[in-house]
Amino acid sequence: MGKGNEELSYRSAGTYVRKPSSLDRDSRTLEFVMATENPVRMYDWETGEIVPEVLLARGCIMPKQVPLLDTHSRYSVSDVLGSVRDKRIEDGGVIVGKARFSTVLKAEEAFTKYEEGHLTDFSVGYKVNDVKRVKKGEKVEIDGRTWKGPVNVVTSWTIKEESCCPIGAD
């Protein structure tokens, strides 16, 4: 097993807003899909190649709360739109969370865009802790599942943030 890098990785959950009915204006919350086990083509910092990457849900380390950011911008407190809590893993390796939007103007603008249906995507920012790189032509079994390379199977990863974003990856 290879170790991950120190850089944060980002991948979007696509247009998978959990249920439009989960948006609650009074509590300023919205339940949504944070990540899936769908393969996404990602840059591999160790090999310098673009390869499909799978984030195994069972390997996800979920802090109690992570910041909800504006498109992965993590350089100013003004980029924080709220937080994400109440995370869980559902069938099929789907990780669901609940966004709690702040009352500041910038967060209100994003929340309103989700409410109106103009924004539908989110993107998870994560740190890879451990990964199994399956080379082209290889087959590897991990937890009873067979993976055919090339693919990077991330067996341990930590959610660092979730972002509101215009276009998702998977």
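Above: the structure in question.
Below or above, wherever it landed, is the structure these notes cover. Just so you know, these numbers come straight off a predicted model, no measurement behind them.

Observations concerning helix α1 (residues 105-115)
Item 1. Every buried residue of α1 is listed here: A107, A110, F111 and Y114. The buried residues of α1 occupy one face: seen down the axis, they fall within an arc of 100 degrees.
Item 2. Against β3 (29-35), β8 (80-90), β9 (94-101), β10 (121-134) and β13 (151-165) lie the buried residues of α1.
Item 3. Following α1 by one or two positions, G117 has its phi on the positive side, about 85 degrees.

A closer look at the packing of aromatic side chains
Geometrically, a pair of aromatic rings is defined through the distance of the ring centres and the angle of the planes.
Item 1. This structure, assessed with the given rule, holds six aromatic pairs.
Item 2. Summarising the aromatic geometry, the rings of F32 and F122 are spaced 3.8 Å apart at their centres and angled 20 degrees between planes, so their arrangement reads as stacked. Pair noted here: F32 is in strand β3 and F122 is in strand β10, with a separation of 90 residues, a long-range link. Take F32 and F122: they sit in the same class, and that class is buried.
Item 3. Between F101 and Y114, the ring centres sit 6.0 Å apart and the planes meet at 55 degrees, which makes this aromatic pair tilted. A residue pair is termed long-range when its members are at least 10 positions apart, and F101 in strand β9 and Y114 in helix α1 qualify at 13 residues.
Item 4. Its relative accessible area of 5% is what places F101 among the buried residues.

Considerations on the pairing of strand β7 (residues 66-70)
Regular strands place their side chains on alternate faces of the sheet.
Item 1. In terms of strand pairing, β7 meets β8 through four bridges, oriented antiparallel. In the strand pairing of β8, V66 is matched with V84.
Item 2. Pairing of β7 with β13, which is carried by three bridges, proceeds in the parallel orientation. Following the sheet pairing, L68 is matched in β13 by E162.

Definitions and cut-offs
Residues numbered from 1 in each chain as written. Predicted model: local features only at pLDDT ≥ 70, side-chain atom pairs only at ≥ 80, totals over all residues. Heavy atoms only, no water. Buried < 20%, exposed > 50% of the residue type's maximum accessible area, 1.4 Å probe, protein only. Helix = DSSP H or I, 4+ residues; strand = E, 2+ residues; numbered from the N terminus. Arc of directions from axis to C-beta. Contact = heavy atoms within 4.5 Å. Phe/Tyr/Trp six-rings, centres within 6.5 Å; stacked < 30°, edge-to-face > 60°. Pairing = 2+ DSSP bridges.

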